[in-house]
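So the chains spell out like this:
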Amino acid sequence: MRTITLIILHCSGTPEGKRLTFKDCKKDHIQQRKFKDIGYHYYIERDGKLYIGRPLEEVGAHCKLHNTHSIGICYEGGLDENGEAKDTRTAAQRDTLLDLLIRLKQQFPKALIFGHNEFDRTKNCPSFDAEEYRTIFALKDIISLE
Ligand SMILES: [Zn+2]
């Protein structure tokens, strides 16, 4: 297994009312962007269903300069109906994302969680502040020490 130091969160940049399924995203990355596979390791559709993208052992294609040591997770959404950045995570997507992060933090305890926008300030992706998850895991660490 490669060394994982980062878990990077993304949105698909899909407006409210529109769909970009895992299959659509994978097709876009392969056919339009000429990637060998979907760039993300995980994809969460609006209904919360989790899809496995690129195998974890493989370097993804989701965050310039930070792919080598990271895992990329994308949720379907991230824009309002006018195409402006908006946290559109559904309750089901939040549940799936948190479960996934708990699992990944068990497997890679030192991996830090960031949003794509924290590495590229020109982007709004994932349309929420990943500090939310850093806070959750910081609290979990404190509780487990007690
Ligand atoms: Zn992104």
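Quick caveat, the model's predicted, so the values are computed rather than measured.

Visitor: What is the right way to look at the coordination of the zinc ion in this model?
Guide: Metal coordination angles have textbook ideals: 109.5 degrees for a tetrahedral set of four donors and 90 or 180 degrees for an octahedral set of six. Binding of the zinc ion to the protein goes through His10 (ND1), His116 (ND1) and Cys125 (SG), at separations of 2.0 to 2.3 Å. The sequence pattern describing where the donors of the zinc ion fall on their chain is H-x105-H-x8-C. Of the two residues, histidine 10 sits in strand β1 (residues 6–11) while histidine 116 sits in the loop between β7 (112–115) and α3 (131–145), which places them 106 residues apart along the sequence. Residue classification places histidine 10 among the buried positions, given a relative accessible area of 2%.

Visitor: Just checking my understanding: could you explain the environment of cysteine 11 for this structure?
Guide: Tracing the backbone shows cysteine 11 in strand β1. Spatially, the C-alpha atoms of cysteine 11 and alanine 130 are 12 Å apart, while their sequence positions differ by 119 residues. Ignoring anything within four residues of it in the chain, the contact list for cysteine 11 reads Tyr40, Cys74, Tyr75, Gly77, Gly78, Cys125, Pro126 and Ser127.

Visitor: When you look at helix α1 (residues 22–32) in this model, what are you seeing that I'm missing?
Guide: It helps to recall that an α-helix has 3.6 residues per turn; residues three or four apart then point in one direction. Considered for burial, the residues of α1 that qualify are Phe22, Cys25 and His29. Taken down its axis, α1 places every buried residue within 70° of arc, on the same side. In α1, the exposed residues that point more than 90 degrees away from the buried face are Lys23, Lys27 and Gln32. Structurally, α1 contributes buried residues whose contacts are with β3 (42–44) and β4 (50–52). At the exit of α1 stands lysine 34, carrying a positive phi of roughly 60°.

Visitor: Can you help me understand unusual backbone geometry in this one?
Guide: Trans is the prevailing form of peptide bonds, just as negative phi is the prevailing case for residues other than glycine. The omega torsion of the bond from cysteine 125 to proline 126 falls at 10°, within 30 degrees of zero and hence cis. Residue placement: proline 126 occurs in the loop between β7 and α3. The backbone phi angle of leucine 65 is positive, close to 75°, even though this residue is not glycine. Its place among the elements puts leucine 65 in the loop between β4 and β5 (70–75).

Calculation rules
Each chain has its residues counted from 1, following the order in which its sequence is written. Residues qualify for local features only when their pLDDT is at least 70, as the model is predicted, and side-chain atom pairs are given and counted only at 80 or more; totals for whole chains, interfaces and linings, by contrast, use all residues. To obtain the side-chain values, all non-hydrogen atoms of the structure were used and water was disregarded. Here the coordinating atoms are restricted to nitrogen, oxygen and sulfur within 2.8 Å of the metal centre, or 3.2 Å for Na, K and Ca, and because water is not among them the sites may look incomplete. A run of DSSP states H or I qualifies as a helix once it reaches four residues; a run of E qualifies as a strand once it reaches two. Both are numbered from the N-terminal end. Relative accessibility thresholds used throughout: buried, under 20% of the residue-type maximum; exposed, over 50%; partly exposed, between the two (1.4 Å probe, protein chains only). The contact definition used throughout considers only heavy atoms, calling two residues in contact when any of these lie within 4.5 Å. The arc in question is the one spanned by the directions pointing from the helix axis to the C-beta atoms.

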